[in-house]
Amino acid sequence: MADVEPDGGLTDVRHLLHGHPETGFTETWTTATLSRLLSERGLEPETLPSGTGLVADVVGTRPGPLVALRSDIDGLPVTEETGLEFASQNPGRMHACGHDLHMAGLLGAAFWLAAHRDAIAGTVRIVFQPAEETGKGARSVIDGGALEGVEAIAGIHNNPDYAPGEIAVGPEPMMAGCVKFRVDLHAQGTHAGYPQSGTGPLEALASVILALQTIVSRNVTPFHPVVLSVTEVHGGSVWNVIPAEAGLLGTVRYFHKEDSELVGRRFREVVHSTAAAYGITADVVWDDFQDPVVSDPELGPAVAADVPGYARLAPIRPSMAGEDFCEYSTVMPTVFAFVGSNGGPRHHDLHSPRMIVLDEAIAPATRFYVAAALRLLKELAA
Ligand SMILES: [Zn+2]
Ligand SMILES: [Zn+2]
């Protein structure tokens, strides 16, 4: 691979993007800005049918496959507390997941590729995807037809646990699959002084919360990480009435599909049998909406093998956060990488109002994108 010396202006571009975060499917300023920057380099960006986000093709001088590089572009409804000079100017909005870094890195790759078309045998489609944080952005890109004919796609997430210059990529699972669950308990309700006249949901709710915690500890193999968190409970509104309804919401995170099936089955058994024991009924909503992010077993290692040429290849430390990049795996082979973005001893995590992505992470992100594109073109042409 040729030496990729990213454009010096990318730091300013990143600061500009960081200062103007927009949440999912409202990224109109971001889309217009990305579009302008790509057009200035002779590319022809096309806004996606969903109204925000865009794609632009860099066509090589030689024929070959069509591969894609993806960055997400949305921020979060978070009020920034970093104190950075280039902090958010949009009240209540922040690039607290570091998607500004992904954008700057991918812009750098687009600029480099556009200036080195003779290095490309095939076409690289640059994809700026909206609304990752809603979990619906990647699906909207696919359903909108923007990936027709694309044979493989690579993406990144910055990871503040790693230092700038460290990149983790390979065949192991990287980001967790995600289930949203909801339980509604239905009882009769009655006067608080006359419990024998009805049934109540609250004792069952308390038992369900505790019993659910045995699923991970007693049913899942200890060799697979799984989290089950109850995050919201509701029931009752006054001190002297036993309510008729109560419920809870929460999430399960996992890395192996068979674990989500096992946990889902046990979850229903625990809820329904506990409710029955208390003489009430229950409804369970189990929304297994996001698969784990894991690279293609051949393309992941192939891309990883190039990393020592331009960065430090770090071991994958899986994240319990989810990523809608998993949607692309349902339609084509994918490669996903963690790009180190902080690594300091007391750094703040993704989504924190004090999370800081270091500018030193931009160049490694650009180099990863370029190297991944060239490697995918080569592997798919073989
Ligand atoms: Zn996020
Ligand atoms: Zn993110």
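How each quantity is defined
Residues numbered from 1 in each chain as written. Chains lettered and ligands numbered in written order. Predicted model: local features only at pLDDT ≥ 70, side-chain atom pairs only at ≥ 80, totals over all residues. Pairing = 2+ DSSP bridges. Helix = DSSP H or I, 4+ residues; strand = E, 2+ residues; numbered from the N terminus. Contact = placed C-beta atoms within 7 Å. Axes fitted to C-alpha atoms, helices over the stretch in contact; angles between N-to-C directions. Parallel < 35°, antiparallel > 145°, perpendicular 65-115°, else oblique. Left-handed = near helix turned anticlockwise from the far one by under 90°. Nonpolar A, V, L, I, M, F, W, Y, C, P; charged D, E, K, R; others polar. Expected span 1.5 Å × (residues − 1). Buried ≥ 20, exposed ≤ 12 C-beta atoms within 10 Å, placed from the backbone. Arc of directions from axis to C-beta. Domains from an automatic or database assignment.

### Considerations on the sheet that holds strand β15 (residues 312-313)
What holds strands together in a sheet is hydrogen bonding between their backbones, with the strands either parallel or antiparallel.
So, point 1. Pairing within the open sheet is mixed, and its eight strands lie in the order β1-β2-β4-β3-β5-β16-β6-β15. On the outer flanks of this sheet lie β1 (46-47) and β15, each paired with one strand and no other.
So, point 2. Pairing of strand β3 (residues 62-72) with strand β4 (residues 121-129), which is carried by eight bridges, proceeds in the parallel orientation. Bridging across to β4, S71 finds its partner in F128.
So, point 3. Along the sheet face, helix α3 (residues 99-115) touches β2 (54-59), β3, β4 and β5 (152-159) and points at about 160° away from the line of β3.
So, point 4. Of the strands in this sheet, β3, β4, β5, β6 (166-168) and β16 (334-340) touch helix α8 (residues 362-381), which is tilted by about 145° from β3.

### Describing the packing of helix α7 (residues 299-306) against α8
So, point 1. Close contact between α7 and α8 brings their axes to 10 Å; oriented N to C, the two are set at 130°. With respect to their mutual orientation, α7 and α8 come out oblique. Classified by chirality, the crossing of α8 by α7 is right-handed. Where α7 approaches α8, its residues L299, A302, V303 and D306 are matched on the opposing element by A371, A372, R375, L376 and E379.
So, point 2. Of the residues belonging to the contact of α7 with α8, the class tally is six nonpolar, no polar and three charged.

### A few points about helix α2 (residues 28-40)
So, point 1. Between its first and last C-alpha, α2 extends 18 Å over 13 residues, near the 18 Å set by a 1.5 Å rise per residue.
So, point 2. Turning to α2, its buried residues are T30, T31, L34, L37 and L38. Down the axis, α2 shows its buried residues gathered within 135° of arc, on one side only. Opposite the packed face of α2, turned more than 90 degrees from it, sit the exposed residues R36, S39 and E40.
So, point 3. Its buried side turned inward, α2 meets α1 (10-18), β1, β2, α3 and β4.
So, point 4. Positive phi appears at G42, one or two residues downstream of α2, with a value of about 85°.

### Observations concerning the domain arrangement of the protein chain
So, point 1. Partitioning the protein chain into structural domains gives domain 1 (10-174 + 292-381) and domain 2 (177-289).
So, point 2. Each of domain 1 and domain 2 has a C-alpha centre, and the two are 37 Å apart.
So, point 3. Between domain 1 and domain 2, the contact holds six residues from the first and eight residues from the second.
So, point 4. Its residues assigned to classes, the side of domain 1 that touches domain 2 shows four nonpolar, two polar and no charged.

### Points about the sheet that holds strand β13 (residues 281-290)
So, point 1. If you walk across this open sheet you meet the four strands as β10-β12-β8-β13, and the pairing is antiparallel. Each having just a single partner strand, β10 (226-235) and β13 make up the two edges of the open sheet. Averaged over all pairs of adjacent strands, the angle between their axes in this sheet comes to 15°, without regard to strand direction.
So, point 2. Bridging between β10 and strand β12 (residues 245-254) involves nine bridges; their strand directions are antiparallel. Following the sheet pairing, S229 is matched in β12 by T251.
So, point 3. Relative to the sheet, helix α5 (residues 202-219) contacts β8 (177-186), β10 and β12, its axis offset from that of β10 by approximately 175°.
So, point 4. Here helix α6 (residues 257-277) sits on the sheet and contacts β8, β10, β12 and β13; the angle it forms with β13, its principal contact strand, is near 165°.

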